[in-house]
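Residue-level structural notes
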Amino acid sequence: MSRSVILPHEVDWGGWRSAARALALEGVPPEDVVWSVRAPDDLFADASEEPAAAPPAGTFNVPRALVDLAQTVIQAREPARFALLYQLLWRAHAGERHLLEQVTDPDVQRANRLAQAVRRDTHKMRAFVRFREVAEPEGTRYVAWFEPDNYIVEANAAFFVRRFATMVWSILTPYRSAHWNGEELSFTAGAARADIPDDDRLEAYWRAYFSSIFNPARLKIGAMTSEMPRKYWRNLPEAAAIPELIRGAAARVSTMVEAPTISPAKPARIPDAAPPTLDHLPDTKLRRAAIEAASCRACPLWEPATQTVFGEGPADARLMFVGEQPGDQEDLAGRPFVGPAGKMFDTALAEAGIDRAAAYVTNSVKHFKFEPRGKRRIHAKPDAGDIAACKFWLDLEQQEVQPAVTVLLGATAARAVLGRVVTISRERSRPIALTGNRQALVTVHPSYLLRLPDEASRQREYAAFVADLRQAMTLLDSSAS
Ligand code: URA
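Quick notes on the rules
- Residues numbered from 1 in each chain as written.
- Predicted model: local features only at pLDDT ≥ 70, side-chain atom pairs only at ≥ 80, totals over all residues.
- Heavy atoms only, no water.
- Pairing = 2+ DSSP bridges.
- Helix = DSSP H or I, 4+ residues; strand = E, 2+ residues; numbered from the N terminus.
- Axes fitted to C-alpha atoms, helices over the stretch in contact; angles between N-to-C directions.
- Contact = heavy atoms within 4.5 Å.
- Near = heavy atom within 4 Å.
- Polar contact = N/O pair within 3.5 Å; in protein donor to acceptor, adjacent residues only side chain to side chain.
- Areas by Shrake-Rupley, 256 points an atom, 1.4 Å probe, with all protein chains shown as cover.
- Nonpolar A, V, L, I, M, F, W, Y, C, P; charged D, E, K, R; others polar.
- Phe/Tyr/Trp six-rings, centres within 6.5 Å; stacked < 30°, edge-to-face > 60°.
- Buried < 20%, exposed > 50% of the residue type's maximum accessible area, 1.4 Å probe, protein only.
- Core = buried A, V, L, I, M, F, W, Y, C linked by side-chain atoms within 4.5 Å.
- Salt bridge = Lys/Arg side-chain N within 4 Å of Asp/Glu carboxyl O.

Digging into the sheet that holds strand β12 (residues 405–409)
Strand order in this open sheet of five strands is β9-β8-β12-β14-β13, and the pairing throughout is mixed. In the strand order of this sheet, the two ends are held by β9 (360–363) and β13 (431–434), each with one partner. The average undirected angle you get between the axes of adjacent strands in this sheet is 25°. By the bridge criterion, five bridges tie β12 to strand β14 (residues 438–443) in an arrangement that is parallel. Each residue of the ladder has a partner; that of Val405, found in β14, is Gln439. Strands β8 (319–323), β9, β12 and β14 of the sheet are contacted by helix α14 (residues 384–401), whose axis makes an angle of about 165° with β9. Sheet strands touched by helix α15 (residues 411–418): β8, β12, β13 and β14. Its angle to β12, the strand with the most contacts, is close to 135°.

Let's talk about the sheet that holds strand β5 (residues 169–172)
Spatially, five strands are ordered β3-β4-β5-β6-β7 in an open sheet, and the strand pairing comes out mixed. Both edges of this open sheet fall to β3 (131–136) and β7 (185–189), since each of them pairs with a single strand only. Looking at each pair of strands side by side, their axes are set apart by 25° on average, direction ignored. With four bridges connecting them, strand β4 (residues 139–145) and β5 associate as parallel partners. Each bridged residue has a counterpart across the sheet, and for Tyr142 the counterpart in β5 is Trp169.

Considerations on the site of the ligand
Within the structure, the ligand sits among Gly323, Glu324, Gln325, Pro326, Gly327, Glu330, Pro336, Phe337, Asn363 and His445. At a separation of 3.0 Å, a nitrogen atom of the ligand approaches a polar backbone atom of Gln325. In this structure, Asn363 approaches the ligand through a side-chain N or O atom, which is 2.7 Å from a nitrogen atom. For the ligand, whose free accessible area comes to 230 Å², the fraction covered by protein is 93%. Looking at the shell around the ligand, its residues break down into three nonpolar, five polar and two charged.

Some words on the packing of aromatic side chains
In the structure shown here, the tally under the stated rule is 16 aromatic pairs. Considering the side-chain rings of Trp16 and Trp35, the 6.1 Å spacing of their centres and the 35° angle between planes classify their relative orientation as tilted. Residue Trp16 is located in helix α1 (residues 13–26), and its partner Trp35 is located in strand β2 (residues 33–37); the two are separated by 19 residues in the primary sequence. The class for Trp16 is buried, based on a relative accessible area of 3%. Judged by relative accessible area, which is 10%, Trp35 ranks as buried.

Let's talk about the nonpolar core
Residues Leu319, Phe321, Trp393 and Leu408 are the most contacted members of the largest nonpolar core, which totals 60 residues. Considering each element in turn, this core owes the most residues, eight residues, to α14. Those residues within four positions of Leu319 in sequence are excluded, and the remaining contacts are Ile354, Ala359, Tyr360, Pro403, Val405, Val407, Ala472, Met473 and Leu476. One finds Trp16, Phe164, Tyr175 and Trp302 within the second-largest nonpolar core, a separate group that totals 58 residues.

With respect to the side chain of Thr306
Residue position: Thr306 is located in the loop between α11 (284–293) and β8. When its relative accessible area of 3% is taken as the criterion, Thr306 is described as buried. One polar contact links Thr306 to Asp331, side chain to side chain, over a distance of 2.4 Å.

Considering the pattern of salt bridges
Tallied over the entire structure, the rule returns 23 salt bridges. In this structure, Glu26 and Arg3 form a salt bridge, with 3.0 Å as the shortest nitrogen-oxygen distance. Of this pair, Glu26 sits in helix α1 while Arg3 sits in strand β1 (residues 3–7), and the two are 23 residues apart along the sequence. The exposure class of Glu26 is partly exposed, given its relative accessible area of 45%. Assessed through its relative accessible area of 17%, Arg3 is described here as buried. Linking Asp107 and Arg91 is a salt bridge whose minimum nitrogen-to-oxygen distance equals 2.9 Å. Separated by 16 residues along the polypeptide, Asp107 in helix α5 (residues 106–128) and Arg91 in helix α4 (residues 81–93) bring together distant segments of the chain. With respect to class, Asp107 is no different from Arg91; both count as buried. Three or more residues are tied together by salt bridges with common partners; here these are Arg91, Glu96, Asp105 and Asp107.

Limitation: the analysis is restricted to geometry and does not speak to function.
Shown next, in the form of structure tokens:
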């Protein structure tokens, strides 16, 4: 007798698992089971469902790898996936414990193909979701429209909660929508693209940003459309800039002196993140930029990092400090200079009589670049491509804050702000003119002080660092007068 299982929605993992488990324990072979999903508006579907019976007794163990594979495959947009997974489960239960190792087995091959499509789709969703700002009576909601190929919204919602914990957001898709109110995740039915209003202040940022990091010398339209397939373009504000950029690429190449390189992606590891907080950013324009930067994908550093670490401080600060990039602790906390180098920085600031809260503190590169080594994440120096990809945000911060004096902490900061390679020992401690009657002062990075091998050099270099900070204050005083 054939059996019918009607699941309440497309990715009902729990429902599929308990039905499959009960059927296998009962000895119902795969060819006798018909799997389907209840249509969203099928109010009478329950009538055709079999009454739930008490699950049959018995033990049931399936290999962990099969569970993992099934959790991915169930997200595939393939009506036969439930039957395929039950077939695999049935075979594993019948004693084929190493079934998944038979990579030429047709069932295994089909499942692997579906899982691969889901993983590809997941990667695209994480990279191409763009929020639009929508004013609601209770405050701002960020709304994104995305058209996944598979049923991946539920499985990816936690990723977006981690990344955008402080925002109130909705991700609408044709089959299901996810909502985060700052505390709770919920799901509702699918939506239409027209549900998202068109006007959006954030889009200009993306367009300008994409244009600024677009490298015409490296234009490979094939590679570009495979990484950012055309079907996603209409939902990406920056995509509006692409045709124009492609048309102008040849002309720009001929005038280009140096093409920055973008470093290859590091192996991904997303550590459990402390939720990022933007409460320390009162100014709305900088705050909005920080929110935008949180979903920046201009270089591959975003993927293994926990979050973007934007600058912090008053928008009218007269003193700005620029570091290199967030370290391990900054990456987890979402704030610059809070780890060991930050402690050293704070001590020296206090000794120089500088109130950190009155200054704007930021980094040249806003994502933690690291090499995974076992459980540790070892700092990796940002290269010219990383600096170039992030320069848009640093320029924006400088433009918004307009500090009279910018202290450049180390060679990366000096390169990012001055646009050339800087030897610290040669240029340290002397004012350098910037545009708009502003000045920069190059000094060492506080982490340099932590690496010195002996007490005598530590004391000497620390005193020189404090002297540079005092000099920054002197410059500030003279600029005011
Ligand atoms: N080093 C930096 O350059 N910036 C930080 O935020 C932390 C360490």
